[in-house]
Every structure is written in C-alpha cells, then in structure tokens.
Amino acid sequence: MPGSVDAIYNPNINKLVTFFSEYLSVIYNLFRKIEYYRNIDNASGKLLDEIGQKIGEVRGQADDEFYRIMLKSKVASRKGDATVNGILTIIRNSLGVDVRNIKVIPLENETQAVIIKDIPLEFASDPWKQQYLLKRIEGTVAAGVRVQEIRFIDNTNTTVKVVLGTQSAIIVNEG
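Keep in mind it's a predicted model, so treat the numbers as computed, not measured.

The rules behind these values
Residues numbered from 1 in each chain as written. Predicted model: local features only at pLDDT ≥ 70, side-chain atom pairs only at ≥ 80, totals over all residues. Heavy atoms only, no water. Pairing = 2+ DSSP bridges. Helix = DSSP H or I, 4+ residues; strand = E, 2+ residues; numbered from the N terminus. Buried < 20%, exposed > 50% of the residue type's maximum accessible area, 1.4 Å probe, protein only. Expected span 1.5 Å × (residues − 1). Contact = heavy atoms within 4.5 Å. Phe/Tyr/Trp six-rings, centres within 6.5 Å; stacked < 30°, edge-to-face > 60°.

### Re the pairing of strand 1 (residues 103-106)
Consecutive side chains of a regular strand alternate in pointing toward one face of the sheet and then the other.
Right, so step 1: Bridge analysis of strand 1 against strand 2 (residues 113-120) gives four bridges, and the strand direction is antiparallel. Each residue of the ladder has a partner; that of Ile 105, found in strand 2, is Ile 115.
Right, so step 2: Counting the residues between successive antiparallel strands, the hairpin from strand 1 to strand 2 contains six residues.

### A look at unusual backbone geometry
Right, so step 1: For Asp 118, which is not a glycine, the phi torsion comes out positive at approximately 70°.
Right, so step 2: Residue position: Asp 118 is located in strand 2.
Right, so step 3: Residue class for Asp 118 comes out partly exposed when judged on its relative accessible area of 24%.

### Considering helix 3 (residues 64-77)
Right, so step 1: Spanning 14 residues, helix 3 covers 20 Å between terminal C-alpha atoms, matching the ideal 20 Å at 1.5 Å per step.
Right, so step 2: Listing the buried residues of helix 3 in full gives Phe 66, Tyr 67, Arg 68, Ile 69, Met 70, Leu 71, Ser 73, Lys 74 and Ala 76.
Right, so step 3: Buried-residue contacts for helix 3 involve helix 2 (45-55), helix 4 (84-95) and helix 5 (127-140).

### Concerning the packing of aromatic side chains
Right, so step 1: Applying the stated rule across the entire model yields three aromatic pairs.
Right, so step 2: For the ring pair Phe 19 and Phe 20, a centre distance of 5.5 Å and an interplane angle of 70° mean the geometry is edge-to-face.
Right, so step 3: Given a relative accessible area of 43%, Phe 19 falls into the partly exposed group.
Right, so step 4: Through a chain of ring-to-ring contacts, three or more aromatic side chains come together here, namely Phe 19, Phe 20 and Tyr 23.

This is how it looks when you write it as structure tokens:
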C-alpha cells in the first residue's frame, strides 16, 4: 500500500487480521478435534456406537476394543475381495495383526473348502468374540466356498491353546 494509506490504516488492518486469525485458529483446532474423535481408533462409548450405527453394525455385548474390531471388519468385508489375499487383508485390517503367519489352506479332498490357521486368539478371548470373528470370516469368502475350519491360536502361555471353528461351532483344544 502507498505510504499515506499504510500509515492511516495499518493499525486497523493488523487488528482485523489478528482478529480473524485467532478465530480461524480456534475453528481449525475444533475441526481437527472432531476429525480425531470420528476415527474408529479414537472414538469410544456413545460416539463409537454412533459410528457403528452409520456402518450398520450393532455393538451387542462387545466392549469398545472389540467393537472397533467389529467395525473395521465390517468395513473391510464390504470391499468384496473374496480371494485368499482379500481374506488376509480383512483379518489384517480388522485385527491389526501381521498376517504372514496366518495360513489359508484349501482342503485336500474338497476343492471348495478352506482352513484358516493361526489367527491370534488375543483378539478373541471369549467364545462370543470367537464366534463373531468366525461368522465374519465365513461371510467374506467367495460364494460357493466353505470355511471348514478356523484355528485361533493362543501362544501367550507355556501351553498352546487352539480354538477351532468348524462350520460355525467353536471347539477348544489345549495341549
């Protein structure tokens, strides 16, 4: 601005800019906080229930931690990739585990059936959670393919606990 105009209006322009920048900063921080809590990993309680309602997943008896797994698996299963890599991607995205040790093996005597082995049991500590994950994984495989068995493995103790999900039933073997 020319010196004559700058000398007259500069203090007012600085006040105006400061006024707007302070309020825009407050609004920006508010939107960042809203974005943070709308994330499935950060939401809890009623807000997590509202996210689940939008996704179409009812909490049931799940705590916040497992409900996040339920929501992530629902979102991942909607992508529709029913290949072996798709199944592993759903397990990785919903449980947040390294899937390199998880095996999807076709049944030897039946070409349209698979066994999924070595899913960490730490995410499905009780039978209800195991049953939920079993149903979710069964629902993600390709049409016409049957999940014969899902093995959750718990190797946190000195003994290995294998939980088998066979055609929607849970069997516990300890050894």
